[in-house]
Amino acid sequence: MEEKPIVYEYEIDVQAVHIDANGHVNNVVYVQWIQEAATAHWSAAATPEQQESTAWVVLRHEVDYLKSAFEGDRLVARTWVGEDKGVRYERHVEIVRPADETVLARARSKWCAVDPASMRPRRVDKAIRAQFVEPV
């Protein structure tokens, strides 16, 4: 069965603390927003039982920085899931300035599902995936 990822939007207000010596948002802040968007999506979509039985750790972030963001900008991180393979899950994020629909950054991350008590990897079951996709 084919499926379509459900896109989640995480709103961001660029503050002075996000700005680096070059006068724009620091690259490390984008990574923080990528993680915050993923966590917010998990919290919004997963059931309480799923949240209790599954935790996530990042294995890898790949980020393409395309345009700069500045203090006062209002941004949106749009995130969705990609492929899942056993304990590994792919997630995509685009950070966009909605005022002009400019994509400022694109990221692809690899996450690993773990048992929160033991921190050992665990498989991502179909019930979890169903919270993040819809049939086409």
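Note: the structure precedes this text.
Keep in mind that this is a model prediction, so the values were computed, not measured. (Residues numbered from 1 in each chain as written. Predicted model: local features only at pLDDT ≥ 70, side-chain atom pairs only at ≥ 80, totals over all residues. Heavy atoms only, no water.)

### A short note on the pattern of salt bridges
Selection rule: The rule for a salt bridge is simple: a side-chain nitrogen of Lys or Arg has to be within 4 Å of a carboxyl oxygen of Asp or Glu. Secondary structure follows DSSP: runs of H or I at least 4 residues long count as helices, runs of E at least 2 residues long count as strands, and numbering of each begins at the N terminus.
On inspection of all chains with the given rule, the structure shows 11 salt bridges. A salt bridge links Arg-108 to Glu-90; its shortest N-O distance comes to 3.3 Å. Of this pair, Arg-108 sits in strand 6 (residues 102-114) while Glu-90 is found in strand 5 (residues 88-97), placing the two residues 18 residues apart along the sequence. Among the salt bridges present, the one from Arg-106 reaches Glu-94, with a minimum N-O distance of 3.0 Å. Taken together, the residues span a long stretch of sequence, with Arg-106 in strand 6 and Glu-94 in strand 5 at a distance of 12 residues.

### Concerning a nonpolar patch on the surface
Put simply, the test is: The patches reported here contain residues having more than 30% relative accessible area and no salt bridge. Joining distances are 9 Å for like charges and 5 Å for nonpolar side chains (Val, Leu, Ile, Met, Phe, Trp, Tyr). In this description, accessible areas are obtained by the Shrake-Rupley approach with a 1.4 Å probe, and a residue is regarded as covered only by the protein chains that are shown.
Among the surface-exposed residues, Val-57, Leu-59 and Met-119 lie close enough to one another that they form a single nonpolar patch of about 240 Å² accessible area. Secondary-structure assignment places Val-57 in strand 3 (residues 55-65).

### Remarks on unusual backbone geometry
This is how it is decided: Exposure classes here rest on a 1.4 Å probe applied to the protein chains alone. A residue is buried below 20% of its type maximum, exposed above 50%, and partly exposed in between.
We note that Glu-101 has phi near 55°; this positive angle belongs to a residue other than glycine. A relative accessible area of 45% places Glu-101 in the partly exposed class. Of note, Met-119 is a non-glycine position whose phi angle comes to about 60°, a positive value. Within the secondary structure, Met-119 sits in the loop between strand 6 and helix 3 (126-130). Using a relative accessible area of 47% as the deciding quantity, one classes Met-119 as partly exposed.

### Overview of the pairing of strand 4 (residues 74-85)
What counts here: Paired strands, as defined in this entry, are two strands with at least two bridges between them according to DSSP.
Pairing of strand 2 (residues 8-13) with strand 4, which is carried by 6 bridges, proceeds in the antiparallel orientation. From the neighbouring strand, Ile-12 faces strand 4, where its bridge partner is Leu-75. Both strand 4 and strand 5 contribute to a ladder of 8 bridges, which runs antiparallel. Looking at the pairing, Ala-77 lines up with Ile-95 of strand 5.

### Overview of the nonpolar core
The following threshold applies: Side-chain atoms within 4.5 Å link the members of a nonpolar core, which is a set of buried Ala, Val, Leu, Ile, Met, Phe, Trp, Tyr and Cys residues.
Among the nonpolar cores identified, the biggest contains 16 residues, and Val-25, Tyr-30, Trp-33, Ala-69, Leu-75 and Ile-95 are the most heavily contacted of them. Among the secondary structure elements, those contributing two or more residues to this core are helix 1 (27-45), strand 4, strand 5 and strand 6. Counting residues in each nonpolar core, the second largest holds 10 residues, with Val-124, Ile-128, Phe-132 and Val-133 among its members.

### A closer look at the sheet that holds strand 6
Selection criterion: Helix axes are fitted only over the stretch in contact, all axes being lines through C-alpha atoms; the angle between N-to-C directions runs from 0 to 180 degrees. Here, residues are in contact when the closest pair of their heavy atoms is within 4.5 Å.
Taken in spatial order, the 5 strands make up an open sheet running 2-4-5-6-3, and their pairing is antiparallel. The sheet terminates laterally at strand 2 and strand 3, the two strands that pair on one side only. In this sheet, neighbouring strand axes are inclined to one another by 25° on average, regardless of whether the strands run parallel or antiparallel. Running at roughly 135° to strand 3, helix 1 makes contact with strand 2, strand 3, strand 4, strand 5 and strand 6 of the sheet.

### Notes on the environment of Glu-94
Going by this rule: Polar contacts here mean pairs of N or O atoms no more than 3.5 Å apart (in protein, one a potential hydrogen donor and the other a potential acceptor; neighbouring residues in sequence count only if both atoms are side-chain atoms).
Given a relative accessible area of 18%, Glu-94 falls into the buried group. Residues Glu-94 and His-61, spaced 33 residues apart in sequence, show a C-alpha to C-alpha distance of 13 Å. Within the structure, Glu-94 has its side chain in polar contact with the side chain of Arg-106 (distance 3.0 Å).

Don't take any of this as a statement about function, it's just geometry.
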